[in-house]
Amino acid sequence: MKDCEDVVVYIMPQKIQKQRHRVMKMAALKHHFTLAEEFSDNVTHIVTEYEMADQALKVLKVTELPQHAHLLKVSWFTDSIKAREPVQILNQHKIPLGDANVDSRQKSETPPPNHIPEFSCQRSTPLKHHNAKFCEALELLQDYAEMKEGDDNYMRALAWRRASCVLKSLKFTLTNLNQLKGAKDIGRHVEKILQGILDHGTSDEVERVRNDPWYQKMKIFTKVFGAGVKTSQEWIENGMTTVDEVRQKYTKGDWRLRFGLAFHDELMQLVTRQEADNFKEFIKHQSAKILPDVSVELCGGFKRGKTAGHDIDLLFTHPLKGKELGFLPQLLSILENQKLVLCGKWNRSTFTEEALYSDSKRTKNSQLDHFEKWIGIIKFPKQWRKSISPEELFNDRGESVPLSPDSCEDLEPSKKKQKTDDELSPEEIAASPRNWIARRVDLIVAPYDQYFYALVGWTGSKQFNRDIRTYARRTHNYAMTSHGLYDLTKRKSLPAKSEKEVFDLLGVPYFPAEERNC
Ligand code: UTP
Ligand code: MN
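**Some thoughts on the pairing of strand 11 (residues 436–445)**
Looking along a regular strand, one sees side chains alternate from face to face of the sheet.
Okay, step 1: In terms of burial, strand 11 is largely enclosed, as ten of its ten residues are buried.
Okay, step 2: Burial along strand 11 is two-sided: Trp436, Ala438, Arg440, Asp442 and Ile444 and Ile437, Arg439, Val441, Leu443 and Val445, pointing in opposite directions, are all buried.
Okay, step 3: Relative to strand 11, strand 8 (residues 312–317) runs parallel, the two sharing five bridges. Counterpart to Leu314 in the pairing with strand 11 is Leu443.
Okay, step 4: Across ten bridges, the pairing between strand 10 (residues 372–381) and strand 11 is antiparallel. Bridge assignment links Gly376 to a residue of strand 11, and that residue is Val441.

**Thoughts on the site of ligand 1**
Okay, step 1: Neighbouring residues of ligand 1: 19 residues in total, closest Gly301, Lys306, His310, Asp311 and Gln367.
Okay, step 2: Asp313 is positioned with one of its side-chain polar atoms (N or O) 3.1 Å from an oxygen atom of ligand 1.
Okay, step 3: Gly457 is positioned such that a nitrogen or oxygen atom in its backbone is 3.4 Å from an oxygen atom of ligand 1.
Okay, step 4: When isolated, ligand 1 has an accessible area of 590 Å², and the protein chains bury 83% of it.

**Thoughts on the packing of aromatic side chains**
Each aromatic ring pair is characterised by the separation of its centres together with the angle its planes make.
Okay, step 1: Taken as a whole and assessed by the stated rule, the structure comprises 20 aromatic pairs.
Okay, step 2: Residues Tyr144 and Tyr215 carry aromatic rings whose centres are separated by 6.0 Å and whose planes lie at 75 degrees to one another, so their mutual orientation is edge-to-face. Of the two residues, Tyr144 sits in helix 5 (residues 132–148) while Tyr215 sits in helix 9 (residues 213–221), which places them 71 residues apart along the sequence.
Okay, step 3: On the accessibility criterion, Tyr144 (19% relative accessible area) is buried.
Okay, step 4: The class for Tyr215 is buried, based on a relative accessible area of 1%.
Okay, step 5: Aromatic pair Phe225 and Trp255: ring centres 6.0 Å apart, planes at 75 degrees, arrangement edge-to-face. Highlighted residues: Phe225 in the loop between helix 9 and helix 10 (229–237) and Trp255 in helix 12 (residues 255–262), separated in sequence by 30 residues. For the pair Phe225 and Trp255, a shared accessibility class is recorded, and that class is buried.
Okay, step 6: If you follow Arg434 out to its NZ or CZ, it ends over the ring of Trp436, 4.5 Å from the centre.
Okay, step 7: Over the aromatic face of Phe464 sits the side chain of Arg516, whose NZ or CZ is 5.7 Å from the ring centroid.

Cut-off values and rules
- Residues numbered from 1 in each chain as written.
- Chains lettered and ligands numbered in written order.
- Predicted model: local features only at pLDDT ≥ 70, side-chain atom pairs only at ≥ 80, totals over all residues.
- Heavy atoms only, no water.
- Buried < 20%, exposed > 50% of the residue type's maximum accessible area, 1.4 Å probe, protein only.
- Helix = DSSP H or I, 4+ residues; strand = E, 2+ residues; numbered from the N terminus.
- Pairing = 2+ DSSP bridges.
- Near = heavy atom within 4 Å.
- Polar contact = N/O pair within 3.5 Å; in protein donor to acceptor, adjacent residues only side chain to side chain.
- Areas by Shrake-Rupley, 256 points an atom, 1.4 Å probe, with all protein chains shown as cover.
- Phe/Tyr/Trp six-rings, centres within 6.5 Å; stacked < 30°, edge-to-face > 60°.
- Lys NZ or Arg CZ within 6 Å of the ring centre and 35° of its normal.

Functional significance is not addressed by these values, which are geometric in nature.
See the structure below:
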């Protein structure tokens, strides 16, 4: 026990709700604790909801605490309030020193060894690598941290992912932690997980998360088209355990969710490379009729060599800037006329010059861009699953063969151009006999002067984008987005005429898309 007068308590407001923070302070004052409004040298007891010391220290803007100061869990505070005086600090009250991987870039002073460059965009990361078992575990922890939300968890999620990316780029299978010596993104917590797998084949912590019912539900729910982390959390809080239950209960909602739920099962069957190629050919054919010389590129996972994916990302441009204007709505009306559109939303471009430099903050949504795009679900004729010849793909009018407008009329008798209340519900459409399968498609239009940045951005991976953008910022003070590269010092943008030039401007070795699977 301590004399109240020796104790100066500072309750860190971060991660504590305002109201709760107020209540805690009032309780402390009631029992005559000395409270500090801000952190300073005379504070002896710092109470925080941070789970790791290094996170708290970062917020306090110090690298270490004065010797007389203790970093403590809220449990020390509540125990003290119960005791009406500051209680002795027990082990259970102390905040563990830290998860070095959370901000290992700042912590580690050892330069990375030559064979592991610091940023994943400087390394070749193939799709098939030698450390799948380790990466699967680390990315499960990433997944879990992302689901828990909040800035700290986001940073934690990134730390797991960065560690996984180091392993993905190794040319050998990890057998000993010494093989990772000096790699920046491998902190103590990561080492613990890896050691567990090396020793026993699994890590207890990972298995605990894997078997956590909340995680299992979140994993299913967050995959529903239109459902993010928040929606999924809400479903769980409302007692939902399966997508079927959600489907029955949530009959209203935004169009994405309604279709996402109704077509969930088939959207979960991965899109094959064959389907993606057939769709691209079909779209190219239609596009050329509207806008000769339009370029259509299959991006996303397929461009990185994946043989299956959750959607198809098609990027359009035209070498004469301005020609791309008005193209997408025309393409969409062709698709509509051929009854190929199940649902979707077109958004005009929201690009302004400002997007070149103001989007570069490393936030969760930093990959959202301002291109004109359509996001939706297309009805894929079942034949598109097979390798098919152009004659089978189109009739002589250039329309997709299996889905003539007539055959669709039969399937959806009440479908009218303008949505009305008597339209079939998504569930009814899903249940009706049909010769197509629902596929998620993104159609993006980039003006030519932004195109190669858009190409890099839409090729990904997401982590590759994060890393190359951080690299651009840290190394050159450049802001990088899918719209361009902007020199923040000279306040000017750096145009590129090829993908390779994007890499050259950054001084990053050029890796083909297949090696950007970080
Ligand atoms: P996806 O989410 O489709 O990822 O985004 P993916 O790698 O293709 O994965 P699968 O194979 O479909 O499952 C494709 C790329 O487009 C970027 C993402 O960062 C990713 O690199 N993207 C996505 C953007 O740049 N902006 C967006 O608004 C959305
Ligand atoms: Mn994709």
